[in-house]
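Here's the letter readout for the chains.
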Amino acid sequence: MTGGGSSLPEVQALLRVLAAGRDVAELGTAFGEGAAAMADTARSVVTVERDPERARVARARLAGLANVELLEGDWREALAGRGRFDLVFADGGTYDWEAILRLVKPGALIVKDDLTPGRPTDGDPVREFLLRDPRLAAVEVLTTPAAAAIVAVKR
Ligand SMILES: C[S@@+](CC[C@H](N)C(=O)[O-])C[C@H]1O[C@@H](n2cnc3c(N)ncnc32)[C@H](O)[C@@H]1O
């Protein structure tokens, strides 16, 4: 996705593949583009947006998708006690990785996009956690020539 909340088609394609058959949580709905892509193949999608205006737009976009639940608020509160999920798309700005790990089952995927390719892992808290935490195995992939994502699996 991008900082403005519109997701790249290439990222939507990746999410559509990774979400297939899974129970998904999305942290940061924005306008619902990523949620709609995942809902195309997922068993279920719970998506959380804290900005009321963005949530309103997303609710209209996602209306009629029977496997999508849109929650309004901070995901850390909205998803407390929910789960555990087979995939978390961590797209909500700030990352509480321990809370995210608690949301997922062993074997579940954690996806983080909107990375700049070629940056060092050292000093990058997102890469340091996802690529080096021993509870995960992870790979960084290009989604376009100028954008990257990390797909991690919880061991
Ligand atoms: C990059 S956009 C999400 C794009 C969306 N996932 C997609 O693929 O179309 C990030 C969104 O996360 C929301 N956000 C940031 N922190 C959040 C939080 N703690 N809980 C819920 N939403 C949050 C922002 O308001 C923003 O709309």
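Everything in this summary refers to the structure shown in the same document.

Scoring rules and cut-offs
Residues numbered from 1 in each chain as written. Predicted model: local features only at pLDDT ≥ 70, side-chain atom pairs only at ≥ 80, totals over all residues. Heavy atoms only, no water. Pairing = 2+ DSSP bridges. Helix = DSSP H or I, 4+ residues; strand = E, 2+ residues; numbered from the N terminus. Axes fitted to C-alpha atoms, helices over the stretch in contact; angles between N-to-C directions. Buried < 20%, exposed > 50% of the residue type's maximum accessible area, 1.4 Å probe, protein only. Phe/Tyr/Trp six-rings, centres within 6.5 Å; stacked < 30°, edge-to-face > 60°.

**Overview of the sheet that holds strand β3 (residues 68–72)**
Here is step 1: With respect to topology, 7 strands assemble into an open sheet ordered β3-β2-β1-β4-β5-β7-β6, the strand pairing being mixed. Of all the strands in the sheet, just β3 and β6 (136–144) have a single pairing partner and so form its edges. Each strand axis lies, on average, 15° off the axis of its neighbour in the sheet, ignoring direction.
Here is step 2: As judged from the 8 bridges shared by β6 and strand β7 (residues 147–154), these two strands associate in the antiparallel manner. In the strand pairing of β7, Ala137 is matched with Val153.

**Observations concerning the side chain of Ser7**
Here is step 1: For Ser7, the position within the fold is in the segment before α1 (9–18).
Here is step 2: Judged by relative accessible area, which is 14%, Ser7 ranks as buried.

**Structural notes on the packing of aromatic side chains**
Here is step 1: The tally for this structure, following the rule as stated, stands at 2 aromatic pairs.
Here is step 2: Their ring planes at 15° and their centres at 5.2 Å tell us that Tyr95 and Trp97 sit as a pair that is stacked.
Here is step 3: Considering the side-chain rings of Trp97 and Phe129, the 5.3 Å spacing of their centres and the 10° angle between planes classify their relative orientation as stacked. Here Trp97, found in helix α5 (residues 97–103), pairs with Phe129, found in helix α6 (residues 125–132); they are 32 residues apart in sequence, far enough to count as distant.
Here is step 4: Residue Trp97 is classed as buried on the basis of its relative accessible area, which comes to 10%.

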